[in-house]
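Structure assessment
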Amino acid sequence: MGSDGSGGTKKKVAVAGLASVLLVAMVVAVAVGVNKGGDSGSSSGDSSSGGGEISSSTKAVKAICAPTDYKEACEESLASANSSDPRELIRTAFEFTVRNIGEAIKNSSLIKEAQKDPMTSQALETCKDLLETSIDDLRRSFAKVGDFDPSKMDDYVADVKTWLSASITYQETCIDGFENTTTDTGEKMKKLLASANKLTSNGLAMVTDFAQILSGLQLGSFSRRLLSEDGIESFVDTASRRLLATNVASLKPNAVVAQDGSGKFKTITDAIRSIPPKNNQTFVIFVKAGIYKEYVQIPKKMNNIVLVGEGPTKTRITGNKNYVDGVLTFHTATVAVNADGFIAKDIGFENAAGPDKHQAVALRVSGDNAIFYNCHIDAYQDTLYAHAYRQFYRDCVISGTIDFIFGDASAVFQNCKMVVRKPMDNQGCMVTAQGRKDRRGIGAIVLQNCKITAEPDFLAVKPALPAYLGRPWKEYSRTIIMQSDIDGFIAPEGWSPWAGTWGLDTCYYGEYQNRGPGSNTANRVTWKGIQKITPQIAESFTPGQYLQGDSWIKPVGFPYDTGMIKV
């Protein structure tokens, strides 16, 4: 307030002009840099050569590249751009990105033809799908860039950070598929994806420090949170808005599934197949009580599906795919959610393979803005794969043995129960194994007002089996447990190493306002990665702030606490 109209106009023009430069720079750094192949080589387009004054564009490039981990690659890739038209640069950059990752997909297919090892061949096929999804996340990041409004910077940053983090996660998941395979194919894929990893990381760094970049260039601050007329924040797409505007309890089923023939469908899969292609309406599937022995896939871009049962112990979906029988962990899921806006209520998900079959996922969630209310998720090792994007779990029960909540989603579990089950002989149990790969990635597992307990069979084993709150699956693993009730079976150290000292300095583990005999932190491990959680940090990991949940969780009508809970 208080500035004259002409000053406001000049500021808007300056902001819009700089936004174009910054956004083009970000996209080109991600995409053109990928095409250039990483850190090596020299720039032939340095506009500051010859002793002349450095151009404003070059200053912006240096400012943008300042926060990245691969600065030389960033600046060189930006210097190589030939066009001054922002739209043309964005288009060209996108084409380079798609072409580069497309080459990785093509090369992986060529490698696959030469493979005789079934697990390696399966991993390569999985990589193809994962990298295509990585491209999709880059695509919607670029689309968001094109639509950017500086007055909505918070929303812009939240979305693009989510999608770029997911793009990194999908590339890493591709590499994970080669674990324990007998060939050098995994190393070949790492080399194919090395540049993409670096430059996607650079893009995430630029977005993370976007506000600081603008501040450093003395362009002033922007208003936060600009809401649209209906009060739902602008980053929510049109299809999702229809869902958010309606309390889920008031929605009538579009399809009824019943094993006894009283519904239109006898399987959940058949009900999903009935959904029109490119459906942009909320589609509610009501599943009557029964044990459904099927593998359910929610396809990519089949958004806003609501799955409602008659109770998590009455309506259950069960399978038994597992790693020991030759299935990659990613594909062992009984239910796999690959689309955005998925909601499940009053339903159970199970993988019944047993502890001796090792990795066997009950539920994998690879979709943004997913909500689970009053659900049971039961298995042994790797029960819930909270893979990527934003996820919210309320009043759920998750049971398992080793790493039974794992992945790199931004996942908040509120008022949930985590139940440790009896593992194989001489095995320890870990409740969580968070998989953040990039230090700026947004992923974390957050347990708020949860109950961490164990089943009687686990407690009956003598001598007692060790159990821990979690261990670092990836280098920047991040888990926060707050306001939760922790039973006394949890080891006094609290957290377990993954392998030696790997990840212990770079992880981010914190406990805050917990209760129960297992919450005593006096004898916890003293790794550098163990954090002191302040009230402000704790608040930042509540769903209202961390997930922007007031815009997409609260309107659905399920029980939901936006901030800290009075316990």
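Here, the structure is the one placed above.
Rules behind the numbers
Residues numbered from 1 in each chain as written. Predicted model: local features only at pLDDT ≥ 70, side-chain atom pairs only at ≥ 80, totals over all residues. Heavy atoms only, no water. Phe/Tyr/Trp six-rings, centres within 6.5 Å; stacked < 30°, edge-to-face > 60°. Helix = DSSP H or I, 4+ residues; strand = E, 2+ residues; numbered from the N terminus. Buried < 20%, exposed > 50% of the residue type's maximum accessible area, 1.4 Å probe, protein only. Lys NZ or Arg CZ within 6 Å of the ring centre and 35° of its normal. Pairing = 2+ DSSP bridges.

1. Examining the packing of aromatic side chains
- Overall, the coordinates contain 16 aromatic pairs when judged by the stated rule.
- Taking 6.5 Å as the distance between ring centres and 70° as the angle between the ring planes, the aromatic pair formed by Tyr 385 and Trp 473 counts as edge-to-face. Within this pair, whereas Tyr 385 is found in strand β13 (residues 384-386), its partner Trp 473 is found in the loop between β22 (467-470) and β23 (478-482), the two being separated by 88 residues in sequence.
- We classify Tyr 385 as buried; its relative accessible area is 4%.
- In this structure an aromatic cluster arises from ring pairing among Phe 342, Phe 349, Phe 372, Tyr 393 and Phe 413.
- Just above the ring of Phe 330 sits the side chain of Arg 364; from NZ or CZ to the centre is 3.7 Å.
- Positioned above the aromatic ring of Tyr 380 is the side chain of Arg 421, whose terminal nitrogen or guanidinium carbon lies 4.1 Å from the ring centre.

2. Things to note about the pairing of strand β20 (residues 444-448)
- Of all 5 residues in β20, 5 are buried; the element is thus mostly enclosed.
- Alternating positions in β20 separate into two faces, Ala 444, Val 446 and Gln 448 on one and Ile 445 and Leu 447 on the other, with burial throughout.
- Across 5 bridges, strand β17 (residues 410-414) lies against β20 in parallel orientation. Directly across from Phe 413, in β20, lies its bridge partner Leu 447.
- Of the strand pairs in this sheet, β20 and β23 are connected by 4 bridges, and their pairing is parallel. From the neighbouring strand, Ile 445 faces β23, where its bridge partner is Thr 479.

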